[in-house]
Amino acid sequence: MIRKMIGGVVGAGVMLGAASTAFAQAAMVKAPDVAAQATMVNKGDTTWMLISSVLVLMMSIPGLALFYGGLVRTKNMLSVLMQVFMIVSIAGLLWATYGYSLAFTGGSPFIGGFGKALMAGVTSGTYSATFSNNVYIPELSYFVFQMTFAMITPALFIGSFAERIKFTPLMVFVVLWSTFIYYPIAHMVWYWAGPDFLVDAPTDSGYLWAMGALDFAGGTVVHINAGIAGLVGCLLLGKRLGYGKEATPPHSLTMTMIGASLLWVGWFGFNAGSNLESNGVAAVAFVNTMLATCAAAVSWAIVEQVVHGKPSMLGAASGAVAGLVAITPASGYGAPMTSIVLGLVVSPLCFFFVSTVKNKFKYDDTLDVFGVHCIGGITGAIATAIVASPALGGQGIIDYTQFPAVAAPTYDIAAQLIIQIKAVLLTLAWSGIGTAAIWFVLDKTMGMRISEEGEREGLDIADHGERAYNY
């Protein structure tokens, strides 16, 4: 009797739940105006987005600055700190001036327009769509969250040519690279009309979004984009003086460990914040980020134990970053167990590139930006097609061609793999060719490399007239 009563209650609950869901869907508003959007904002979502923005900013300053700074020689420590600090500052100004408008307004599949240049129309009373019907966040919270991504991406590639690049030409390069490389890629991957509008505006989206490319938090936009730019830059700039002949050990692995730890903590804002809502999928992205990173750090240490006989702190930190990079595009799509597998797989691949491949081709990628960020990003972007599969516990994909949006009834791993590979190749080509063109012009007009005397003295004194340490 008790079982029957419980069953009846559960059955009634299911019926009520189904009726409630049907009622909620019927009450949804297609293409709501601004007044209606204002009633669809949740304080919890807004709070999470602002906290996530702070976490991503922490990834750049101080996280990335300390991570990179600890890896260079003492005479170049301050130059790295200054480069990261000023890139963050310049990128923020660019974003408010025209970057946000180019990345996140309609125009073409490849770039937006200038409708929101100088933040025109972006106020406390405007709103941005999330990934759910009739759920919005204040546009300013989305604006500043995406700003932090635009800040850290160009700061990543400086690690490839650290210890030999002039400061002022680098800052000009960042302006041009952000304009012609980052904003178009961000638009192609992440811009779309939103779940309440896409049904009536099916072509209002970026090229790769329309193609169906999956990039939850920036595998293509951030890591492949910056990683290939770093490789191109280091090849065009040339090797450091004495590269391969003189020892250039990190001057402070303590600072590198602190920086890597700040990156790890901040990355939860990077990945889980990219869900734009404080809900279960944000928790999925959070957990996947944690587990993939743990697995990658352990995996790298094991590889070093096998290859070198000793696991290193630098290796553990590198492995953690490789795991964070790889899980970024897959964080909201995968499942905890497949995320662990992704973390275990990515470290050996990145280790192979930062050791074997780098030594074979003898390119001076100072801090292994290509080997960790680009290779890790490619691995994660392609693996996203696999881990997103519901058959493997993944989240699958949503069909936004319907209103309200529904879960896609089928998921084809092979078809998605092809899409992901196309997105990777387009990003490599766009960033690689564009970076080379910008670099060539600036090198011929301003000169990108510090003088031999300045390189021997150190960029701290040569470029900034001060030292990181005064004993």
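The rules we used
Residues numbered from 1 in each chain as written. Predicted model: local features only at pLDDT ≥ 70, side-chain atom pairs only at ≥ 80, totals over all residues. Heavy atoms only, no water. Helix = DSSP H or I, 4+ residues; strand = E, 2+ residues; numbered from the N terminus. Rg over C-alpha atoms; globule rule 2.2 N^0.38 Å. Buried < 20%, exposed > 50% of the residue type's maximum accessible area, 1.4 Å probe, protein only. Areas by Shrake-Rupley, 256 points an atom, 1.4 Å probe, with all protein chains shown as cover. Lys, Arg positive; Asp, Glu negative; His and termini not counted. Charge placed at Lys NZ, Arg CZ, Asp CG, Glu CD. Salt bridge = Lys/Arg side-chain N within 4 Å of Asp/Glu carboxyl O. Contact = heavy atoms within 4.5 Å. Axes fitted to C-alpha atoms, helices over the stretch in contact; angles between N-to-C directions. Parallel < 35°, antiparallel > 145°, perpendicular 65-115°, else oblique. Left-handed = near helix turned anticlockwise from the far one by under 90°.

Caption draft 1: Main features of the overall build of the protein. In terms of regular secondary structure, the protein is built from 16 helices and four strands. For the protein, whose C-alpha radius of gyration is 23 Å, the value lies close to the compact-globule estimate of 23 Å for 471 residues. Reported as C-alpha extents along the three principal axes, the dimensions of the protein are approximately 85 × 55 × 40 Å. Counting over 471 residues, the protein shows a buried share of 53%. Counting only carbon and sulfur atoms, one obtains 70% of the accessible surface of the protein, whose full area is about 19200 Å². Separation between the mean location of the 21 positive side-chain charges and that of the 24 negative ones in the protein comes to 8 Å.

Caption draft 2: The arrangement of the pattern of salt bridges in detail. Using the criterion set out here, one finds nine salt bridges in the structure. One salt bridge in this structure joins Arg 73 and Glu 163, with 3.2 Å as the shortest N-O distance. Of this pair, Arg 73 sits in the loop between α3 (43-71) and α4 (77-104) while Glu 163 sits in the loop between α5 (139-156) and α6 (167-190), and the two are 90 residues apart along the sequence. Just as Arg 73 is buried, Glu 163 falls in that class too. Between Arg 456 and Glu 452 there is a salt bridge, with the nearest N and O atoms lying 3.4 Å from each other. Remark: Glu 452 and Arg 456 occur in helix α15 (residues 452-457); sequence separation between them is four residues, near one turn of the helix.

Caption draft 3: The arrangement of the environment of Met 86 in detail. Assignment of secondary structure puts Met 86 in helix α4. With a relative accessible area of 26%, Met 86 lands in the partly exposed category. A C-alpha to C-alpha distance of 16 Å links Met 86 and Phe 67, two positions 19 residues apart in sequence. Setting aside residues no more than four positions away along its own chain, Met 86 makes contact with Phe 167 and Met 171.

Caption draft 4: Summary view of the packing of helix α8 (residues 219-237) against helix α14 (residues 413-445). Packing of α8 against α14 leaves a shortest axis separation of 8 Å and a crossing angle of 40°. The orientation of α8 relative to α14 falls into the category oblique. As α8 packs across α14, the resulting crossing turns out to be right-handed. On α14, the residues that touch Thr 220, Ile 224, Asn 225, Ile 228, Ala 229, Val 232, Gly 233, Leu 236 and Leu 237 of α8 are Ala 423, Val 424, Thr 427, Leu 428, Ser 431, Gly 432, Thr 435, Ala 436 and Trp 439.

Caption draft 5: Layout of unusual backbone geometry. The omega torsion across Ile 61 and Pro 62 is 10°, close enough to zero to call that bond cis. If you trace the backbone, Pro 62 turns up in helix α3. Following Phe 403, the chain continues to Pro 404 via a peptide bond in cis, the omega torsion being -5°. Considering the arrangement of structural elements, one finds Pro 404 in the loop between β3 (398-399) and β4 (406-407). Even without being glycine, Asn 134 reaches a positive phi, approximately 60°. With respect to the secondary-structure elements, Asn 134 resides in the loop between β1 (127-129) and β2 (136-138). For Asn 134, a relative accessible area of 14% translates into the label buried. Positive phi, normally seen in glycine, also occurs at Glu 163, with a value near 80°.

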